[in-house]
Amino acid sequence: MSAEQDEPSPTASSRPPYPDESGDASHPDGGPQQGAPVQEGPHPGDVRVAGGQAPPGAAAPTGPDAAHTGSPGSDPEATPTDPRGTPSFVPAGPPSAAPPGAGLPPDAGFPGEPGAAFSQSGPVPPVRQRRPRGRRVVVFAGAAAAVVVAGAVAAVALTGGEEAPKPKPKATAPAPPPAWTVAAGRALTSGTGLRYDGTLTINGRPVQARLRVTPAGAASGTLTAGVLTAEVVAIGGDTYLRAGTAFWQTYASGVAHPEYYAGRWSKAPASVPGFDVPDILGPKAIARSLAKSPAKPPTENVGGVRAFKVKASGAEYVLTAQAPYRLLAVRPAGQAAQHFTVAPVAAPETLFAELRPRVARLGGAFDPGLRFTPGTLAFSNCDQNTSGCTVSMPATLTEPATVPDGARAVLRAALSSKGEPLGSCSGAGPVPANRSLVLRCTVTSKLWRHWMRAALDNPGSYPYEAKARVVGEAVDVADVPKLLARVDRERKAVVKAAAGTPGPTVSAEPSVKRSERPEIATSQTPGTP
């Protein structure tokens, strides 16, 4: 047995010391000069909590207060105190009391504080208490201020406060759209739809386009380029094509393996028709764009009629400058001077009669915008099994870069033996967030059953093989009924409104034309995998 596959569609502080912490430049260890008097005034950087060693001859403190931290009941955050229980600080004095560079070393404490170091000139006697101004005092002052502020906030919350809160600025309401745009939008969305005729440039070649669009933005029509044609349908904000291999190869630029998508409904690539049909040609979308236009847009002359010219994202719209502000033309962006002429749909029944069957066949439509790298193809439960043969293949999404919402993958496989077909199958599933999945499907055709029975009845060599591909799936078969229900609701509303509105006396509406070739059911394999 053999398995083949197609080519892949592939916490210390960093604060610098204060000047008085560094010591004299002649003492690299940052200590005080020999015999220098202690600076009399507290200064930021001089306040120390604990640490350091007592000078020679000083008695080490003993008892429960021997250390600032580490003894039961001690508070590591307490302020240094003197024997009377009050904070002790070095008395303030004139700045000239000590020469430059003199003072306590960075690891010094206060006299009388357990574990504190003293200057070389001896201990400083207890002095009159002064208001703390050191670094730790600032910390406590900040904490106290925070408490006071919190209390003030609480008081305001309970009593209303002394100062009324400043009123918040009122949000400015957006200006209403110009009256003429409201009237034009109402006429577009309450009508029977729009018919578009024009010439587009696709992949550098001219293509004739005939499209009819419902008020909600569903569309049906054709693209014609000489003998090549493509059927078009749009629903739910997406556009789909059904065309032959030659059309895909000629006009669908950037699509790898166009033969995968030929002959069946597939999501339209960005190059065909080169713009988003519902967003550019849908009446509701046009009404939203018009609502953003100025009250007095630029004007031009169209066949002797003064017309407004409204530029929007993706297109330019031309409407009569007088009521009822009828839409005359649409110029999609990037389409040079070419444009669509516009007219109301005269017979909405024919539009929906063409639209609905096309939507019904969208189940399993492919998406060329999703590309996968396949893994190794494998068989399971195939040998001597007359009921069927299961094929599995892992795959990984490679394009686009992120997994789109609702992205799905489908495996299409076909079995054969010595060139004779034995049947085909397909299996689909959602693409997970990790981009990788394993797809499976089982061939249960009559060809497989007959072939396997013959092999069992006539022992011998019966090789078989499988060819498979993984492509993106645009529409889940289970979602088709929802799409049809949307079409039916709009059809009922539009036809009912049209029955009470006199239509134009002359209509160029085309009749519903059946396709000359049978439409391909979604369960049928397009071409040879």
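Rules and cut-offs
Residues numbered from 1 in each chain as written. Predicted model: local features only at pLDDT ≥ 70, side-chain atom pairs only at ≥ 80, totals over all residues. Heavy atoms only, no water. Helix = DSSP H or I, 4+ residues; strand = E, 2+ residues; numbered from the N terminus. Buried < 20%, exposed > 50% of the residue type's maximum accessible area, 1.4 Å probe, protein only. Areas by Shrake-Rupley, 256 points an atom, 1.4 Å probe, with all protein chains shown as cover. Phe/Tyr/Trp six-rings, centres within 6.5 Å; stacked < 30°, edge-to-face > 60°. Lys NZ or Arg CZ within 6 Å of the ring centre and 35° of its normal. Expected span 1.5 Å × (residues − 1). Arc of directions from axis to C-beta. Contact = heavy atoms within 4.5 Å. Pairing = 2+ DSSP bridges. Salt bridge = Lys/Arg side-chain N within 4 Å of Asp/Glu carboxyl O. Disulfide = S-S within 2.5 Å. Axes fitted to C-alpha atoms, helices over the stretch in contact; angles between N-to-C directions. Parallel < 35°, antiparallel > 145°, perpendicular 65-115°, else oblique. Core = buried A, V, L, I, M, F, W, Y, C linked by side-chain atoms within 4.5 Å. Polar contact = N/O pair within 3.5 Å; in protein donor to acceptor, adjacent residues only side chain to side chain. Nonpolar A, V, L, I, M, F, W, Y, C, P; charged D, E, K, R; others polar.

**Q** Sorry, what's going on with the overall build of the protein here?
**A** In terms of regular secondary structure, the protein is built from nine helices and 19 strands. Expressed as a percentage of its 529 residues, the buried residues of the protein come to 39%. Only carbon and sulfur atoms are counted for the fraction: they give 56% of the accessible area of the protein, which is about 28800 Å².

**Q** Would you mind going over the packing of aromatic side chains with me for this structure?
**A** The geometry of an aromatic ring pair is captured by the separation of the ring centres together with the interplanar angle, meaning the angle of the planes. With the rule as written, the count across this model stands at 13 aromatic pairs. Arranged with centres 6.1 Å apart and planes meeting at 85°, the rings of Trp-451 and Tyr-462 form a pair that is edge-to-face. Remark: Tyr-462 occurs in the loop between helix H8 (446-457) and strand E19 (465-473) and Trp-451 occurs in helix H8; sequence separation between them is 11 residues. When its relative accessible area of 15% is taken as the criterion, Trp-451 is described as buried. For Tyr-462, a relative accessible area of 30% puts it in the partly exposed group. Taking the centre distance of 5.7 Å and the plane angle of 75° together, the rings of Trp-451 and Tyr-464 count as edge-to-face. With a gap of 13 residues between them, Trp-451 in helix H8 and Tyr-464 in the loop between H8 and E19 connect regions that are remote in the sequence. For the pair shown, Trp-451 and Tyr-464 are each scored as buried. Lying across the ring of Phe-366, Arg-264 places its NZ or CZ 4.0 Å from the centre.

**Q** How should I be thinking about helix H7 (residues 348-360) in this particular structure?
**A** Residues separated by three or four positions in an α-helix point in the same direction, a consequence of the helix having 3.6 residues per turn. Between its first and last C-alpha, H7 extends 18 Å over 13 residues, near the 18 Å set by a 1.5 Å rise per residue. Turning to H7, its buried residues are Pro-348, Leu-351, Phe-352, Glu-354, Leu-355, Arg-358 and Val-359. In a view along the axis of H7, the buried residues occupy a sector of 165°, so they form one face of it. Those residues of H7 that are buried are in contact with strand E2 (205-213), strand E3 (219-225), strand E4 (228-235) and helix H9 (480-499).

**Q** Looking at this structure, how should I read the pairing of strand E11 (residues 340-344)?
**A** Working note: regular strand, side chains alternate between the two faces of the sheet. The pairing of strand E1 (residues 194-202) with E11 spans five bridges and is classified as antiparallel. Paired with Gly-198 across the two strands is Phe-340, which belongs to E11. Bridge count for strand E10 (residues 327-332) against E11 is two bridges, and the pairing is antiparallel. What sits directly across from Ala-329, in E11, is Thr-341.

**Q** What is the right way to read the pattern of salt bridges from this model?
**A** When the charged atoms of two side chains with opposite charge come close together, those side chains can pair. Applying the stated criterion to the full structure yields 14 salt bridges. The partner of Arg-331 in a salt bridge is Glu-316, and the shortest N-O contact between them spans 2.7 Å. With Arg-331 in strand E10 and Glu-316 in strand E9 (residues 315-320), this pair connects stretches of sequence that are 15 residues apart. The exposure class of Glu-316 is buried, given its relative accessible area of 12%. In the salt-bridge network here, residues are joined through shared partners; they are Arg-212, Glu-231, Arg-242, Glu-354 and Arg-358.

**Q** Would you mind showing me how to read the state of the cysteines here?
**A** Any covalent bond linking the sulfur atoms of two cysteines counts as a disulfide. Counted according to the given criterion, the structure contains two disulfides. One disulfide in the model links Cys-382 with Cys-389; its S-S distance is 1.9 Å. Taking the sign of the torsion about the S-S bond as the criterion, the disulfide between Cys-382 and Cys-389, at about 75°, is right-handed. Ordering the disulfide-forming cysteines of the protein by sequence position, one finds them joined as 1-2, 3-4.

**Q** Quick question: what am I supposed to make of unusual backbone geometry here?
**A** Leave glycine aside and you will find that most residues have negative phi; peptide bonds, for their part, are mostly trans. For the bond running from Val-272 to Pro-273, omega is 0°, close enough to zero to count as cis. You can see Pro-273 is positioned in the loop between strand E6 (266-267) and helix H5 (277-281). With a phi close to 55°, Gln-384 is a non-glycine residue in the positive phi region. Note on placement: Gln-384 falls in the loop between strand E14 (378-380) and strand E15 (389-399). Not every positive phi belongs to a glycine, and Arg-435 is a case in point at roughly 80°. Inspection of the secondary structure assignment puts Arg-435 in the loop between strand E17 (420-430) and strand E18 (436-443). By relative accessible area, which is 18% here, Arg-435 ends up buried.

**Q** I would appreciate a short explanation of the packing of helix H3 (residues 179-189) against helix H6 (residues 283-290) in the present structure.
**A** Describing two packed helices takes the angle between their axes plus the distance from one axis to the other. Between H3 and H6, whose axes approach to 8 Å, the crossing angle comes to 175°. The pairing of H3 with H6 is recorded here as roughly antiparallel in orientation. Here Thr-181, Ala-184, Gly-185, Leu-188 and Thr-189 of H3 come into contact with H6, specifically with Pro-283, Lys-284, Ile-286, Ala-287 and Leu-290.

**Q** Honestly, the nonpolar core in this entry has me stumped. Any pointers?
**A** Nonpolar side chains tend to gather and get buried jointly when the protein is soluble and globular. One finds Tyr-196, Leu-223, Leu-281, Leu-327 and Val-330 to be the most contacted residues of the largest nonpolar core, which totals 49 residues. Beyond its immediate chain neighbours, meaning those up to four positions away, Tyr-196 contacts Ala-209, Arg-210, Leu-211, Val-213, Leu-281, Ile-286, Leu-327, Val-330, Phe-340, Thr-341 and Val-342. Formed by 28 residues, the second largest nonpolar core is a distinct cluster that contains Val-391, Ala-409, Val-431 and Met-452.

**Q** Got a minute to help me understand the side chain of Arg-358 in this structure?
**A** Among the secondary structure elements, Arg-358 is positioned in helix H7. The exposure class of Arg-358 is buried, given its relative accessible area of 6%. A distance of 3.0 Å separates a polar atom in the side chain of Arg-358 from the backbone oxygen of Gly-221. Beyond its immediate chain neighbours, meaning those up to four positions away, Arg-358 contacts Ser-220, Gly-221, Thr-222, Glu-231, Val-232, Val-233 and Trp-265.

**Q** It is not clear to me how the packing of H7 against H9 should be interpreted in this structure. Could you clarify?
**A** Look at H7 against H9: their axes get within 10 Å of each other, and the N-to-C directions meet at 180°. Taken together, the axes of H7 and H9 are roughly antiparallel relative to one another. Along its contact with H7, which presents Pro-348, Glu-349, Phe-352, Leu-355, Arg-356, Val-359 and Ala-360, the element H9 presents Val-480, Leu-483, Leu-484, Val-487, Asp-488, Glu-490, Arg-491, Val-494, Val-495 and Ala-498. Here the contact of H7 with H9 is built from residues that sort into 12 nonpolar, no polar and five charged.

**Q** Sorry if this is basic, but what is going on with the pairing of E19 here?
**A** Burial within E19 is extensive, with eight of its nine residues counted as buried. Judged from the two bridges that link them, strand E12 (residues 366-367) and E19 form a sheet pairing that is antiparallel. Paired with Phe-366 across the bridge in E19 is Glu-473. Strand direction decides the pairing type here: strand E16 (residues 408-417) and E19, joined by nine bridges, are antiparallel. Note on E19: the bridge partner recorded for Leu-411 is Val-470.

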